[in-house]
Amino acid sequence: MIDYEALIAKYCADNTALQHIILTHSRQVADRALAIVQAHPEWVARGEVDPVFVEEAAMLHDIGVVLCDAPKIHCLGKHTYIEHGYLGAEILRQEGLPKHAAVAERHTGTGITIEQIIREQLPVPLQDYMPRTLEERLICYADKFYSKTKLGQDKPMSKVRHHLWRYGSDSVRRFDELQQFFEPTT
């Protein structure tokens, strides 16, 4: 098992406020993702989901925020927040964690398409950032329910959907599909 707390501490340097935010937010995401996995033991039995990996990747999915400029969450870097996914992936690849890097790279929103990058002129490398594996989709979904500015609170479904509308109807549609797959009775 990866010592994700030590890895987060390494990249947060002396920024204990940011370290606390990342750990708290990521723990919420991991717990939700793991609860969904527990409700679907067939995924584990078929080898589609590794609960240890889900926990590690969920805990590390936002490591790229350490390089971003987001003062509300004590991030004092120089990149825009939208870049945190691919920046986190670069960090995790440097740490020898390519599978974890894919989760970091593909968790933003409900994924980012090449068309969206071009249309919105997003400051990210031109490539597809859509979650592909069941584990990537699961962490992407679980992440939508938790904010880094309102730690400890679950966003209700209506707020999640409202927040995603600013990224367009495709983003909301993808979220609704994830919700129906992961938690069809909510």
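Shown above is the structure to which this text applies.
Residues numbered from 1 in each chain as written. Predicted model: local features only at pLDDT ≥ 70, side-chain atom pairs only at ≥ 80, totals over all residues. Heavy atoms only, no water.

Novice: Explain the packing of helix H4 (residues 51-60) against helix H8 (residues 134-143) to me, please; I cannot follow it from the model alone.
Specialist: Helix-helix packing: each pair is described by the crossing angle between the helix axes and the interaxial distance. In the contact formed by H4 and H8, the axes pass within 10 Å of each other and the chain directions differ by 45°. With respect to each other, H4 and H8 are oriented oblique. Where H4 crosses over H8, the two elements pack in a sense that is right-handed. The residues of H8 that touch H4, namely those facing Phe53, Val54, Ala57 and Ala58, are Glu135, Leu138 and Ile139. For the contact of H4 with H8, the per-class residue count stands at 6 nonpolar, no polar and 1 charged. (Axes fitted to C-alpha atoms, helices over the stretch in contact; angles between N-to-C directions. Helix = DSSP H or I, 4+ residues; strand = E, 2+ residues; numbered from the N terminus. Parallel < 35°, antiparallel > 145°, perpendicular 65-115°, else oblique. Left-handed = near helix turned anticlockwise from the far one by under 90°. Contact = heavy atoms within 4.5 Å. Nonpolar A, V, L, I, M, F, W, Y, C, P; charged D, E, K, R; others polar.)

Novice: Help me understand the pattern of salt bridges, please; the structure alone is not making it clear to me.
Specialist: Pairing is possible between side chains that carry opposite charge, provided their charged atoms lie close to one another. Under the definition given, this model contains 16 salt bridges. The salt bridge involving arginine 46 is made with glutamate 48; its shortest N-O contact spans 2.7 Å. Overall, the relative accessible area of 54% leaves arginine 46 in the exposed class. Of the charged contacts in the structure, one is a salt bridge between aspartate 176 and arginine 161, with a shortest N-O distance of 2.8 Å. Remark: arginine 161 occurs in helix H9 (residues 157-164) and aspartate 176 occurs in helix H10 (residues 169-182); sequence separation between them is 15 residues. Taking the relative accessible area as the measure of exposure, aspartate 176 reaches 27% and is therefore partly exposed. (Salt bridge = Lys/Arg side-chain N within 4 Å of Asp/Glu carboxyl O. Buried < 20%, exposed > 50% of the residue type's maximum accessible area, 1.4 Å probe, protein only.)

Novice: When you look at the packing of aromatic side chains in this model, what are you seeing that I'm missing?
Specialist: The description of an aromatic ring pair uses the distance of the two centres, along with the angle that the planes make with each other. Enumeration according to the criterion identifies 7 aromatic pairs in this entry. On the basis of an interplanar angle of 5° and a centroid distance of 5.7 Å, the ring pair of tryptophan 43 and phenylalanine 181 is categorised as stacked. With a gap of 138 residues between them, tryptophan 43 in helix H3 (residues 41-45) and phenylalanine 181 in helix H10 connect regions that are remote in the sequence. An angle of 85° between the planes, with centres 5.9 Å apart, marks the rings of tryptophan 43 and phenylalanine 182 as edge-to-face. Within this pair, whereas tryptophan 43 is found in helix H3, its partner phenylalanine 182 is found in helix H10, the two being separated by 139 residues in sequence. Neither tryptophan 43 nor phenylalanine 182 differs from the other in exposure class; each is buried. Among the aromatic side chains, those forming a connected cluster through ring pairs are Trp43, Tyr141, Phe145, Phe175, Phe181 and Phe182. Across from the ring centre of phenylalanine 145, 3.5 Å away, lies the NZ or CZ of arginine 32, which sits over that ring. (Phe/Tyr/Trp six-rings, centres within 6.5 Å; stacked < 30°, edge-to-face > 60°. Lys NZ or Arg CZ within 6 Å of the ring centre and 35° of its normal.)

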